[in-house]
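What follows is each chain in one-letter form.
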Amino acid sequence: MTTVVEAKSGADQRTGWYRRMLEIRLFEDKVQELFMQGKIQGTTHLCQGHEAVSVGAVSAIEARDYLTITYRGHGHALARGMSMVAAYGELMGRTSGCCNGVGGSMHLTDFSKNLIGAFAIIGAGLPVAVGAGLSAKMRGTDSVALSFSGDGGSNIGTFHEALNMAAVWKVPVVFVIENNLYGEYSPIRETTPLDDLAERAKGYAMPGVIVDGQDVDAVHAVVAEAVARARAGEGPTLIEAKTYRYRGHSRTDPAKYRAEGELERWKLRDPIVILGDRLGLSDDERKSLQDEVQAAVDAAAVEAEQAPLPTLEEIENYVYAA
Amino acid sequence: MSTQLESKPAGVGSDAAELTYREAINAALEDELESDPAVILMGEDVATAGGVFKTNEGLSDRFGRERVRNTPICENGFVGVALGMAVTGMRPVVEIMFSDFLPTAGDAIVNELPKYRFMCGGQCEVPVTVRSIGGATGRFGTQHSATGESWYMALPGLKVATAGTPDSAYSVLRAAIRSNDPVVFFEHRGLYGRKGPVRRGDDNIAAVGDAAVLREGSDVTIVATLLMLDRALIAAEQLAESGVDAEVVELRWLRPLDTDSVRRSVEKTGRLVVAEEQVHAAGWGATLISQFAMEGFEWKSRPRAVSLPDNLLIPYTPELEDTVVPSAERIADEVRAALK
């Protein structure tokens, strides 16, 4: 599969993926530092370890396609091309943020990029993606919708309701489950009777595909195929990307519930290292890219912080359109 | 568009036609589906046999089963679908077969529709109308009889509307569908057969947030919604026979709550009776009375409420259902008590 992908996705594009994955990793790493400085408050749900899923999948859709993400959504937003300033600004509650600072970490939304929703309620984004896909179809466009959710999200009602509606109406939508093995603090097998969540697709008469979520080429390939199916009017696909969350569920979770050595084993298959190896990047090249991206991350945080806070008068206008 | 409507028997500029409340709902849906291709209607059985309560008669034949779409039984899911459609250029109307099923869509209605525009910093509009059909008197039992009208009035970002007459069914529903904000619109099943004059046309689209004075009077103000509005109008006629001149205000919108219109009425009458088919606690009646208390309004006699009992549920038992749901006589009795 990889060979085919390499043929389709040029070296430039894949170098771009490498850089974007690094950007997501270093963006997330810096969040903790900004927390300690009091520049970000509340909570955050970081995605170190998931970078190949967001970058591989989002790179498989076009600008005209719709995207819904979750509270663990910094990576997808950056993968969709949101600037780090707009993302950091949002985390800092400032007007440099994509939502003018009122949404915060869990709601990185940008309608200008068709990133139409970031949901802090488990499962809520799936029906919205179905609605976007159905609307695209009814309006006679060929746009599709891509919807991310987590392994824990596959147990809530809206997941099943959304898959059922998407299948029965042949909606152009692709559902990606990021299975990082833990729903909040609980191992997925403690709450779910399946090892492979893609099996749930059978109940909704759609293809269910399992992909290595640490392999950006593989993720891109399966999502591209599902997007092509959706665009051709053949209906939805459920994709399960097996991945791992390097950090805890949220900021205050040290993830002590994990078995000893589990994190280290997963880090041996780090998505950024895997792609770097495939691209044949030397240590020097990696170091120089790392320094370059780190400088961009640091500069973005400084720039985001310069913006003023939104005012009560401004945010009152967000409640109602009229 | 107005030309098309003018060509209808009851179109713009024509006199009001006698329609049932059900026919008025149907007319509002038809006129909005006709006027804007972005409008769609979806819900359980909405496209089959005119819908469960026959409010959608003829619509799927005329507009097709894509725009008038049957859904699986999954309220939270299909209200979420409506949200996704609304933020990508459409204007969905969703039917919830019984208001008792609204909490099934709790996340979509409480967390998604009202908060969506706010959380994204005003980047989008959310023109979703949720039609919810409820109310007692049908002998449908405890889980199919709630009006639910006040359940969602405490949610900034949402609008909440009701209709108590055929004309308001037409004009308020059209206003709800045209709103660029999410609206939960409550219909009362017990009113579907009720007839009344309806002015059909674009000049009869209600103003969002405005209550309507349906009967002018000088002695007492009765504020009501849905079936209680119908009964308040009957009570007012009975009272008139004994020389009591009641003003009847149809609240129509619970969010925004039209305290100003009610204030204008009570400034004239000095007396207020609210008639609600719900418990009084945490509802629109209590909210109105609280508002006037905070303003230090000076009453001629204390405000009164006719409502469902605070510690009872609606029984199937037909005779007992009739006892529990306030009658026109009970409303009239409360008015007389206010005048003592």
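The structure presented is a predicted model; accordingly, all values stated were derived computationally and were not measured. (Residues numbered from 1 in each chain as written. Chains lettered and ligands numbered in written order. Predicted model: local features only at pLDDT ≥ 70, side-chain atom pairs only at ≥ 80, totals over all residues.)

**A look at the overall build of chain A**
(1) Moving on: Within chain A one finds 13 helices and eight strands.
(2) Moving on: Taken against the 2.2 N^0.38 rule, which gives 20 Å for 322 residues, the C-alpha radius of gyration of chain A at 19 Å falls within 12% of a compact globule.
(3) Moving on: Based on the C-alpha atoms only, the size of chain A along its principal axes is roughly 55 × 50 × 40 Å.
(4) Moving on: Burial analysis of chain A (322 residues in total) assigns 54% to the buried set.
(5) Moving on: Relative to all contacts within chain A whose residues are 6 or more apart in sequence, the contacts with residues 24 or more apart total 75%. (Helix = DSSP H or I, 4+ residues; strand = E, 2+ residues; numbered from the N terminus. Rg over C-alpha atoms; globule rule 2.2 N^0.38 Å. Buried ≥ 20, exposed ≤ 12 C-beta atoms within 10 Å, placed from the backbone. Contact = placed C-beta atoms within 7 Å.)

**A word on the sheet that holds strand 4 (residues 173–179) of chain A**
All names here are of chain A.
(1) Moving on: Strand order in the open sheet made by the six strands is 2-1-3-4-8-7, with parallel pairing throughout. Taken across any chain shown, the strands that pair with only one partner, and hence form the sheet edges, are strand 2 (115–119) and strand 7 (208–212). Between one strand axis and the next, the sheet turns through 20 degrees on average, direction left out of account.
(2) Moving on: Where strand 7 meets strand 8 (residues 237–242), five bridges bridge the pair, whose relative direction is parallel. Paired with Gly208 across the bridge in strand 8 is Leu238. (Pairing = 2+ DSSP bridges. Axes fitted to C-alpha atoms, helices over the stretch in contact; angles between N-to-C directions.)

**Some details on the interface of chain A and chain B**
(1) Moving on: Taken together, the 35 residues of chain A in the interface contact 32 residues of chain B.
(2) Moving on: Counting residues per element, the side of chain A that touches chain B draws most heavily on helix 6 (residues 125–138) of chain A, which supplies 10 residues.
(3) Moving on: Of the residues that constitute the side of chain A that touches chain B, the class distribution is 23 nonpolar, 10 polar and two charged. (Nonpolar A, V, L, I, M, F, W, Y, C, P; charged D, E, K, R; others polar.)

**Here's the deal with the confidence of the model for chain B**
Low pLDDT marks regions whose predicted coordinates should not be analysed in detail.
Residue and element names in this part refer to chain B.
(1) Moving on: Scored by pLDDT, chain B comes out at a mean of 95, with 96% of its residues at no less than 70.
(2) Moving on: Between residues 1–13, whose pLDDT stays under 50, and residues either more than four places distant or in other chains, the model counts 22 contacts.
(3) Moving on: Interface confidence in the predicted complex, given as ipTM, is 0.96; pTM for the same model is 0.96. (pLDDT = per-residue confidence, 0-100.)

**Examining the packing of helix 5 (residues 84–91) of chain A against helix 12 (residues 283–306) of chain A**
Residue and element names in this part refer to chain A.
(1) Moving on: Contact geometry for helix 5 and helix 12: axes closest at 8 Å, N-to-C directions at 50 degrees. Considering their axes alone, helix 5 and helix 12 lie oblique with respect to each other. Note on packing geometry: the crossing formed by helix 5 with helix 12 is right-handed. Mapping the contact onto sequence places Met84, Val85, Tyr88 and Gly89 in helix 5 and Ala296, Val297, Ala300, Ala301, Glu303 and Ala304 in helix 12.
(2) Moving on: Tallied by class, the residues present in the contact of helix 5 with helix 12 amount to eight nonpolar, one polar and one charged. (Parallel < 35°, antiparallel > 145°, perpendicular 65-115°, else oblique. Left-handed = near helix turned anticlockwise from the far one by under 90°.)

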